[in-house]
Amino acid sequence: MNNVNNNIESFKRAYSDEYFNSLMTYEKIILIGKENNGYITSKDVTKNNISRQYIKLLEKKGAIEKVDRGIYVLKGVAPDDFFVFQLRYPKTIFSHFSALYLYNLTEEFPYKFDITCNNSYNVKGIKDNNVFYVNKDVLDLGKIEIKTKYKNKVNVYDIERTICDIIRCDNRMDEEQLIKTLKSVFSSKIVNMHKLSQYSKKLNCHDKVMKIVRYYDE
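All figures in this text were calculated on a predicted structure; none of them were measured in a lab. (Residues numbered from 1 in each chain as written. Predicted model: local features only at pLDDT ≥ 70, side-chain atom pairs only at ≥ 80, totals over all residues. Heavy atoms only, no water.)

**As for the overall build of the chain**
Part 1 of the argument: Looking only at helices and strands, the chain features 10 helices and eight strands.
Part 2 of the argument: Counting over 218 residues, the chain shows a buried share of 45%.
Part 3 of the argument: Look at the contacts in the chain between residues 6 or more apart in sequence, and 53% of them connect residues 24 or more apart.
Part 4 of the argument: For the chain, the computed accessible surface area is about 13500 Å², with 48% contributed by carbon and sulfur atoms. (Helix = DSSP H or I, 4+ residues; strand = E, 2+ residues; numbered from the N terminus. Buried < 20%, exposed > 50% of the residue type's maximum accessible area, 1.4 Å probe, protein only. Contact = heavy atoms within 4.5 Å. Areas by Shrake-Rupley, 256 points an atom, 1.4 Å probe, with all protein chains shown as cover.)

**Some points on the nonpolar core**
Part 1 of the argument: I163, L196 and V209 are the most contacted members of the largest nonpolar core, which totals 30 residues.
Part 2 of the argument: Broken down by secondary-structure element, the contributors of at least two residues to this core are α5 (96-102), β6 (130-134), α6 (136-139), α7 (159-168), α8 (175-187), α9 (193-202) and α10 (206-216).
Part 3 of the argument: Here the element with the most residues in this core is α7; it accounts for five residues.
Part 4 of the argument: Residues in contact with I163, not counting those within four places in the same chain, are V185, F186, V191 and L196.
Part 5 of the argument: Core analysis: the next-biggest nonpolar cluster, separate from the first, contains 21 residues, V84, L102, F113 and C117 among them. (Core = buried A, V, L, I, M, F, W, Y, C linked by side-chain atoms within 4.5 Å.)

**Quick look at the packing of α7 against α8**
Part 1 of the argument: Between α7 and α8, whose axes approach to 12 Å, the crossing angle comes to 155 degrees. In terms of their interaxial angle, α7 and α8 are classed as roughly antiparallel. By crossing handedness, the relation of α7 to α8 is classed as left-handed. Packed against α7, whose contacting residues are I159, I163, I166 and I167, the element α8 presents L178, T181, L182, V185 and F186 at the interface.
Part 2 of the argument: Split by residue class, the contact of α7 with α8 holds eight nonpolar, one polar and no charged. (Axes fitted to C-alpha atoms, helices over the stretch in contact; angles between N-to-C directions. Parallel < 35°, antiparallel > 145°, perpendicular 65-115°, else oblique. Left-handed = near helix turned anticlockwise from the far one by under 90°. Nonpolar A, V, L, I, M, F, W, Y, C, P; charged D, E, K, R; others polar.)

**Quick word on the confidence of the model for the chain**
Part 1 of the argument: Across the chain, the average pLDDT comes to 86, with 89% of residues at 70 or higher.
Part 2 of the argument: Confidence drops under pLDDT 50 across residues 7-17; counting only partners more than four residues distant or on other chains, this segment forms zero contacts. (pLDDT = per-residue confidence, 0-100.)

**As for the pairing of strand β8 (residues 153-157)**
Part 1 of the argument: Of all the five residues making up β8, four are buried; the element is thus mostly covered by neighbouring parts of the structure.
Part 2 of the argument: Between strand β7 (residues 143-147) and β8, which pair antiparallel one after the other, the connecting turn spans five residues, and K151 there sits at a positive phi close to 70 degrees. (Pairing = 2+ DSSP bridges.)

**Quick word on the packing of α7 against α9**
Axes are the key here: two packed helices are described by the angle between their axes and the distance separating the axes.
Part 1 of the argument: Contact pair α7 / α9: the axes reach a minimum separation of 9 Å and the direction vectors enclose 45 degrees. In terms of orientation, α7 lies oblique with respect to α9. In the crossing of α7 with α9, the sense of the turn from one axis to the other is right-handed. Residues E160, R161, I163 and C164 of α7 touch α9, and the partners they reach there are K195, L196, Y199 and S200.
Part 2 of the argument: Across the contact of α7 with α9, the residue classes break down as four nonpolar, one polar and three charged.

This is the structure:
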């Protein structure tokens with residue numbers, strides 16, 4: 001009888017420890033999300049020496065929701081399309097009209113993102129978007145971070161680089177939207193003309209950019 005009682009107590013202790021450790025692990029994952037504005041990635045979990053099986057368990061419990069491959073949000077957090085894309089493809093930079101949307105200079109939501117990346121960045125998942133490939137020496141020209149409306153930081157080109165890009169790639173832009181955008185940008189008086197000139201030289205579109213600038217910046 002004593003042996004039976006000892007086995008029961010041993011089982012209780014083992015189960016209690018396992019249960020306690022599971023709760024602690026769940027709390028640790030939730031804390032990762034809270035520290036990252038509601039987002040949890042599989043990479044974050046692995047980096048913290050936590051088995052990814054706990055993510056699946058939390059998802060089944062309804063505490064987190066999967067929004068993309070290896071990316072989850074805490075319950076009640078609205079998914080941020082820009083940020084989710086950036087987490088999935090961190091080597092891309094939002095550019096052209098997607099950049100203008102982030103600057104609130106166009107009201108048209110980009111259902112396909114305009115993104116710029118290095119010529120060697122050949123990832124299948126980005127092909128459904130408007131991809132612009134550039135050489136490595138100009139990839140980071142004008143690259144900054146900006147907060148989305150959900151307060152998440154993403155990579156984007158500054159307004160001067162964005163203007164250069166939409167002008168030099170005007171054959172891939174909607175003409176009506178391009179004209180409307182340029183009028184809006186230059187009327188806002190937020191453009192640094194010296195920086196714009198320097199960028200256009202580095203991007204080999206100086207004459208074209210300056211010609212359009214003189215037309216719209218009146």
